Amino acid sequence: MNDKAQLHTMEGLLAAILMTMTVLMITQSTAIVTPQNELAIDVQLEQIGSDTLKVIDIAPQTSIIRNNLTECVASWDTTTEASYPTNNLEILDNSISNLMPEILYNVNFAYTRNGNLTVKKVIIHGQPADNAVVVRHYVTLTNETVKTMGGGWNLADDEIKVVEVRMTTWKV
Amino acid sequence: MVDDRGQIAIDFLLGISLFLIALIFTVQFIPGMSMAGSAREGSLDYTAYRTATILVEDTGWWGNNTSSGTDWESHPTDNIERIGLAVDDDPTSRLTNSPNILSKNKTTQLMLLNENDLTETLGLYNQVDNTHFSYGYNISITKNNAPLVLNNTPVLLGETVPYDRETSKITRIVLVETGTIADFSGEELPMKAANQEEYPLIDITGPLNEEVTLYISNFNITGGDPGFKKLRLDGAPLSEVSDYLAYKISPNGTIEIIGTTGKIDNDDVVAFVIYQGILTGSQTYQLEFQFKDIEFGPTSLPVPEYQDVLTTYYEPAYLTVEVWN
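On a predicted model such as this, the values are computed, not experimentally measured, just so you know.

Draft legend 1. Layout of the interface of chain A and chain B. On the side of chain B, 41 residues touch chain A, which itself brings 34 residues to the contact. Overall, the association of chain A and chain B removes approximately 3,100 Å² of surface from exposure, summing both partners, and the carbon and sulfur fraction of that is 63%. Our count for the contact surface shared by chain A and chain B stands at two salt bridges. Where chain A meets chain B, there are six residue pairs in polar contact (both at pLDDT 80 or more). Elements that contribute at least two residues to the side of chain A that touches chain B include exactly helix H1 (6-28), helix H2 (33-58) and helix H4 (90-99) of chain A. In terms of residue count, H2 of chain A provides more of the side of chain A that touches chain B than any other element does, 13 residues in total. Residue composition of the side of chain A that touches chain B, grouped by class: 17 nonpolar, 13 polar and four charged.

Written out as structure tokens, the structure is:
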């Protein structure tokens with residue numbers, strides 16, 4: 001009878017058990033559960049951000065929010081960009097921080113000028129964290145709104161301008 | 001010699017049984033692996049998200065054999081198919097132009113629904129083997145960390161959140177229709193008497209059993225120290241602590257309580273909130289404001305009536321839905 005290679009079989013068995021145990025240990029630890037929770041946190045952050053912009057956008061005159069999103073954007077002086085820690089659109093900054101006091105955010109405006117996409121910084125509260133979420137809301141400006149709010153958009157009377165309000169939100 | 005060919009080899013037996021054990025183990029283990037994360041916690045997350053979204057962005061729907069519409073709050077005895085709180089101006093269309101604006105009537109009606117209808121309509125249960133397992137839930141609308149009070153009832157549904165269990169929570173920012181507001185412009189308010197241009201008047205007809213909110217804007221500043229001093233009701237002074245609250249909203253959006261030393265700019269809005277219980281008599285009250293260094297309209301103007309300029313008042317608030325097993 002051939003008795004050789006007995007030890008090789010044992011070695012194979014041991015290796016198999018070792019591999020199975022390793023896979024078991026990894027899968028049983030937190031690896032699977034974490035992404036689910038993180039997803040829920042991201043959803044909450046995005047929801048708060050988009051609700052904030054939506055609520056400011058639809059706010060009637062007779063509420064604590066005095067200027068709606070379109071009026072805030074219309075009042076912006078287009079020539080200067082924000083640089084930390086000075087922000088150059090205080091009316092929007094105050095409304096946003098009243099609505100989401102525990103969340104940090106940066107706001108940019110994106111619009112086309114002479115056929116090119118321009119992105120300008122408007123409100124800066126710091127460097128976004130790794131798990132930051134971006135929410136967007138569009139507003140349409142006419143010269144009438146811009147004139148009433150005293151902004152620097154320089155629109156013709158028959159011109160309309162679509163501006164994308166981009167807000168990066170994150171938690172610390 | 002015995003012929004021992006044809007017997008099963010012991011090596012083969014060992015090998016095949018090892019293989020089978022491994023196979024059975026794998027088949028049992030793999031499906032359980034992917035279930036671990038999503039099945040339990042995940043479904044809670046989805047329930048919280050779904051419930052909050054339906055409440056905030058949908059108007060709800062009711063229907064019987066003959067008619068249907070989004071105004072389920074006026075048909076509490078009919079079949080309510082969906083519960084939603086969003087304001088709607090056309091109850092026959094299924095859409096709303098105003099998500100995130102919550103109706104006062106719908107919210108009040110929501111508080112009156114019975115537990116069973118609520119869990120059923122909002123889908124706050126899990127179905128396991130054809131048996132309903134209701135989730136524990138807590139739905140609330142809060143403002144300044146306290147439940148919002150509508151018609152003397154705090155908007156708070158469900159049980160207290162347990163501390164020893166894992167829950168899933170989602171918060172939405174909404175505008176809630178909390179009542180009415182009257183918005184006045186400075187120059188349309190008549191002064192009390194000639195040479196008393198700092199004392200404008202407003203009439204209010206009672207009885208009013210809720211908070212009364214007034215806005216005054218467009219101030220004509222005439223001196224160096226413009227401010228608000230006092231509020232009188234039919235000649236008697238009101239208390240700033242127990243009877244009313246006065247605050248100003250600056251053009252840049254900051255909100256500040258104004259006392260007797262607060263300064264007012266010409267583009268500020270000054271808000272007065274007269275608390276519930278002050279204007280409960282069936283009579284016409286006259287509010288007399290006392291400002292300093294601000295000029296109002298001539299005595300010849302009619303005294304404006306609060307009820308004539310009423311519009312709906314919306315306040316920002318947080319709607320929170322929390323569910324657990």
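So, next bit.
Draft legend 2. Structural detail: the domain arrangement of chain B. Domain parsing of chain B yields domain 1 (40-178 + 316-324) and domain 2 (190-303). A C-alpha centroid distance of 38 Å is found between domain 1 of chain B and domain 2 of chain B.

Draft legend 3. Local environment of the nonpolar core. If you look at the biggest cluster of nonpolar residues, it comprises 40 residues, and the most contacted ones within it are Leu92, Val107, Phe109, Leu141 and Trp153 of chain A. Of all the elements in the fold, those that place two or more residues in this core are H2, helix H3 (69-74), H4, strand S1 (104-113), strand S2 (116-123), strand S3 (133-142) and strand S4 (160-170) of chain A together with strand S12 (167-185) of chain B. Tallying contributions element by element places H2 of chain A first for this core, with five residues. Residues within four places of Leu141 of chain A in sequence aside, it is in contact with Thr70, Val73, Ala74, Val146, Trp153, Leu155, Glu159, Ile160, Lys161 and Val163 of chain A. In this structure, Leu44, Leu110, Leu124 and Tyr137 of chain B belong to the second largest nonpolar core, which totals 31 residues.

Analysis parameters
Residues numbered from 1 in each chain as written. Chains lettered and ligands numbered in written order. Predicted model: local features only at pLDDT ≥ 70, side-chain atom pairs only at ≥ 80, totals over all residues. Heavy atoms only, no water. Contact = heavy atoms within 4.5 Å. Buried area = accessible area lost by both parts, 1.4 Å probe. Salt bridge = Lys/Arg side-chain N within 4 Å of Asp/Glu carboxyl O. Polar contact = N/O pair within 3.5 Å; in protein donor to acceptor, adjacent residues only side chain to side chain. Helix = DSSP H or I, 4+ residues; strand = E, 2+ residues; numbered from the N terminus. Nonpolar A, V, L, I, M, F, W, Y, C, P; charged D, E, K, R; others polar. Domains from an automatic or database assignment. Core = buried A, V, L, I, M, F, W, Y, C linked by side-chain atoms within 4.5 Å. Buried < 20%, exposed > 50% of the residue type's maximum accessible area, 1.4 Å probe, protein only.

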